[in-house]
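Each chain, letter by letter, is given below.
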Amino acid sequence: MFMTRFIGRTLLAAAKSETHAASAAAATATSGHNPLEDFFEADRSLDEDKPIVYGRSWKASELRLKSWDSLHKLWYVLLKEKNMLMTQRQMLHAQNLRFPNPERLPKVRKSMCRIKHVLTERAIEEPDPRRSAEMKRMINAL
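Thresholds applied
- Residues numbered from 1 in each chain as written.
- Predicted model: local features only at pLDDT ≥ 70, side-chain atom pairs only at ≥ 80, totals over all residues.
- Heavy atoms only, no water.
- Helix = DSSP H or I, 4+ residues; strand = E, 2+ residues; numbered from the N terminus.
- Expected span 1.5 Å × (residues − 1).
- Buried < 20%, exposed > 50% of the residue type's maximum accessible area, 1.4 Å probe, protein only.
- Arc of directions from axis to C-beta.
- Core = buried A, V, L, I, M, F, W, Y, C linked by side-chain atoms within 4.5 Å.
- Contact = heavy atoms within 4.5 Å.
- Salt bridge = Lys/Arg side-chain N within 4 Å of Asp/Glu carboxyl O.
- Axes fitted to C-alpha atoms, helices over the stretch in contact; angles between N-to-C directions.
- Parallel < 35°, antiparallel > 145°, perpendicular 65-115°, else oblique.
- Left-handed = near helix turned anticlockwise from the far one by under 90°.
- Nonpolar A, V, L, I, M, F, W, Y, C, P; charged D, E, K, R; others polar.

Colleague: Which residues make up helix α5 (residues 129–141), and what values do they have?
Modeller: One turn of an α-helix holds 3.6 residues; hence residues three or four places apart share an orientation. For α5, with 13 residues, the first-to-last C-alpha span of 18 Å sits near the 18 Å given by 1.5 Å per residue. Residues of α5 that are buried: Ser132, Met135 and Ile139. Angularly, the buried residues of α5 cover 65° about the axis, an arc narrow enough to put them on a single face. Opposite its buried face, α5 presents the exposed residues Arg130, Arg137, Asn140 and Ala141, each directed more than 90 degrees away.

Colleague: Which residues make up the nonpolar core, and what values do they have?
Modeller: In this structure, Leu63, Leu71, Leu78, Leu85 and Ile115 are the most contacted members of the largest nonpolar core, which totals 19 residues. Elements represented by at least two residues in this core include exactly α2 (60–63), α3 (68–94), α4 (104–125) and α5. Not counting chain neighbours up to four residues away, the residues in contact with leucine 85 comprise Phe99, Arg104, Leu105 and Val108.

Colleague: Report on the pattern of salt bridges, specifying residues and quantitative values.
Modeller: If charged atoms from side chains of opposite charge come close, those side chains can pair. All told, the structure shown has four salt bridges when counted by the stated rule. Close ionic contact of arginine 104 with glutamate 81 constitutes a salt bridge, the shortest N to O distance being 2.6 Å. A residue pair is termed long-range when its members are at least 10 positions apart, and arginine 104 in helix α4 and glutamate 81 in helix α3 qualify at 23 residues. Of the residues examined, arginine 104 reaches a relative accessible area of 7% and is grouped as buried. Residue arginine 131 is joined to glutamate 126 by a salt bridge in which the shortest nitrogen-to-oxygen separation is 3.8 Å. The partly exposed category is assigned to arginine 131, whose relative accessible area is 44%.

Colleague: Summarise α3; cite the residues concerned and give the values.
Modeller: The terminal C-alpha atoms of α3, which comprises 27 residues, lie 39 Å apart, in line with the 39 Å expected from a rise of 1.5 Å per residue. Those residues of α3 that fall on the buried side of the exposure criterion are Leu71, Leu74, Trp75, Leu78, Met84, Leu85, Gln88 and Leu92. Residues of α3 that are buried in the fold lie against α2 and α4. Just beyond α3, the residue with positive phi is asparagine 96, at close to 55°.

Colleague: Any chance you could break down the side chain of serine 111 for me, citing the residues and the numbers?
Modeller: With respect to the helices and strands, the residue serine 111 is situated in helix α4. Discounting chain neighbours no more than four positions away, the residues touching serine 111 are Ser57, Trp58, Leu63 and Leu78.

Colleague: How would you summarise the packing of α3 against α4 if you had to cite specific residues and measurements?
Modeller: For the pair α3 and α4, interaxial distance at closest approach is 9 Å and the crossing angle is 155°. As far as their axial angle goes, α4 and α3 are roughly antiparallel. Considering how the two elements wind past one another, α3 and α4 form a crossing that is left-handed. For the pair α3 and α4, the contacting residues are Trp68, Leu71, Leu74, Trp75, Leu78, Leu79, Glu81, Lys82, Met84, Leu85, Met86 and Arg89 in the first and Arg104, Leu105, Val108, Arg109, Ser111, Met112, Ile115, Lys116, Val118, Leu119 and Arg122 in the second. A class-by-class count of the residues in the contact of α3 with α4 yields 15 nonpolar, one polar and seven charged.

Keep in mind these numbers describe shape, not what the thing actually does.
So, in structure tokens, the structure goes:
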């Protein structure tokens, strides 16, 4: 009886995961989202007369308040933004066009540098030397 329930639950869970995977694949196929589109900024309408204002870089004092996981997520968001901006700059440069808002790239780089600085501060303050060395290796790999 126990084995029958266990096998039944296992098969039911497998069937659910297969249908979930199939529906996710179908949704991806119908939406037509190409992952390479993430490297390009969404087109904005040229009818708008007001200039687009972008935010500032993160301050180290703000980053010190964030958890390790939050900084990790923010790092990858900034990395994606940096890749998108550099791809856009290279594409426009190849077409002999001007890169709009060139001040965005230094803001992203500054924020990434400050994240590494905050993480290095935390690694230095770590009392356990092994954990500190491991944290420093992880930070240097970023």
